[in-house]
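Survey of secondary and tertiary structure
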Amino acid sequence: MVNARPRVLSGIQPTSGSFHLGNYLGAVRQWVGLQETHDTFYCVVDQHALTVPKDPAELRSNTRFAAAQLLAAGVDPERATLFVQSQVAEHAQLAWIVECLTGFGEAARMTQFKDKSAKQGADSTSVGLFTYPMLMVADILLYEADEVPVGEDQRQHLELSRNLAERFNHRYGPTFVIPEPHILKETGRIYDLQEPTVKMSKSASSPKGIVELLDEPKATAKKIKSAVTDTDTVVRFDADKKPGVSNLLTIHSTLSGTPIPQLEEHFAGKGYGALKTELAEIVTEWVTPFRSRTQEYLDDPAELDALLARGADKARVVAADTLARVYEKVGFLTAR
Ligand code: TYM
């Protein structure tokens, strides 16, 4: 079927209560923008979150927190299909077929798996963590997504999606759309405030470098003011020589809408303190209404759950259609 508007799918893990600024600037902000021009499907990938042990009550709560934050950030359930992965069984069903298409060595080369499993050790690493990218491929292929808005750290998984879609099409005949990564050069990788050469991530060694969107704005302002920069004083974008300052400039520019050269001019002769103070204000102004909107959605969990269930109903229609075609192609008997 040819879609009138190009299709977009993306997902985010309900890893902990709050998204961080990297999630927002690298991915969610693009999700919101793409609703204007694309047919968008966004899912909270709770099955992916289960690849590491999770307390059930916490997982349920984090899933609602994730959905509430997506809505607060501007995902509009009237335009986008917002749903929870585990409520659409077709994801797990297609994942099996994708797993059977993937080479063991190919899966073992996924750098996120290699990094995480090396940290955890083989015995604490679940098979689910190993097959995680194949579930992600299933998420994407089920919706025949033309574009997948993600941060830079997901590029390899997107490459895998393209390779496996092509492999399936080659083996069984044209079926899947080959998805394109939608990764922004400017914000595809937002860095840790304390270690500006490492991406901002929940698994960072210290929480000081991570801007959690739901933190008290005062705590966030403090983190920004103590961000690591360098011994120079000139506010200039140079990702190699001045990673800390460049990261702050990227965040400022994206949230304020001011191009970086204009910011360099604005801060000429003023030093890093001025940049940090202004950025702390900009971030505070953004997170304050974001936090209250998130809280409003969380205050009515029954309505939030109903909204997600309606999203899952819409998603299932598309997913079931794709899965039926795939089952037919691979040679499964049709249940009548
Ligand atoms: P997750 O939940 O780790 O992250 C959600 C999104 O945030 C982006 N991101 C960043 N972008 C810029 N700078 C950073 N420091 C930063 N940290 C995280 C991620 O790239 C991601 O886009 N496997 C995915 C979830 C997923 C998915 C999918 C994505 C499951 N199925 C299908 C797209 C399509 C993940 O763990 O993202």
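Structure report, in brief. Every value quoted in this text rests on a predicted model; they were computed, and no experiment measured them.

Parameters and conventions
- Residues numbered from 1 in each chain as written.
- Predicted model: local features only at pLDDT ≥ 70, side-chain atom pairs only at ≥ 80, totals over all residues.
- Heavy atoms only, no water.
- Near = heavy atom within 4 Å.
- Polar contact = N/O pair within 3.5 Å; in protein donor to acceptor, adjacent residues only side chain to side chain.
- Areas by Shrake-Rupley, 256 points an atom, 1.4 Å probe, with all protein chains shown as cover.
- Helix = DSSP H or I, 4+ residues; strand = E, 2+ residues; numbered from the N terminus.
- Nonpolar A, V, L, I, M, F, W, Y, C, P; charged D, E, K, R; others polar.
- Buried < 20%, exposed > 50% of the residue type's maximum accessible area, 1.4 Å probe, protein only.
- Pairing = 2+ DSSP bridges.
- Right-handed = clockwise from strand over helix to strand, strands pointing away.
- Expected span 1.5 Å × (residues − 1).
- Bend = angle between axes of the 7 residues up to and from the residue.
- Salt bridge = Lys/Arg side-chain N within 4 Å of Asp/Glu carboxyl O.

1. Focus on the site of the ligand
Not every one of the 27 residues close to the ligand is listed here, only the nearest: Tyr132, Asp139, Gly151, Asp153 and Ile190. The backbone of Gln13 places a nitrogen or oxygen atom 2.9 Å from an oxygen atom of the ligand. Within the contact set of the ligand, an oxygen atom lies 2.5 Å away from a side-chain nitrogen or oxygen of Tyr132. Here the ligand loses 95% of its free accessible area of 720 Å² to cover by the protein chains. Listing elements by their share of the shell around the ligand, those giving two or more residues are strand E1 (7-12), helix H1 (21-34) and helix H7 (127-142). Of the residues in the shell around the ligand, the class split is eleven nonpolar, twelve polar and four charged.

2. Topic: the pairing of E1
With five of six residues buried, E1 lies mostly within the body of the structure. Across six bridges, E1 lies against strand E2 (residues 39-44) in parallel orientation. Opposite Arg7, over in E2, you have Asp39 as the bridge partner. Crossover handedness for the path E1 to H1 to E2: right-handed.

3. Section: helix H13 (residues 301-330)
With 30 residues, H13 should reach 44 Å at 1.5 Å per residue; the first-to-last C-alpha distance of 40 Å fits that figure. Where H13 bends most, at Arg316, the angle is about 25 degrees. Every buried residue of H13 is listed here: Leu304, Leu307, Leu308, Gly311, Ala312, Ala315, Val318, Ala319, Thr322, Leu323 and Val326. Of the residues one or two after H13, Gly331 is the one with positive phi, at around 100 degrees.

4. Focus: unusual backbone geometry
Positive phi outside glycine occurs at Glu144, with the angle close to 50 degrees. Since its relative accessible area comes to 11%, Glu144 is described here as buried.

5. Considering the pattern of salt bridges
Enumeration according to the criterion identifies 18 salt bridges in this entry. Taking the shortest distance from any N to any O, the salt bridge between Arg79 and Asp76 comes out at 3.1 Å. Here Arg291 ties to Glu216 by a salt bridge, and the two come within 3.6 Å at their closest N and O atoms. Of this pair, Arg291 sits in helix H12 (residues 271-298) while Glu216 sits in the loop between strand E5 (180-182) and helix H9 (217-225); the two residues are 75 residues apart in sequence, bridging distant segments of the chain. Owing to a relative accessible area of 25%, Arg291 belongs among the partly exposed residues under this scheme.

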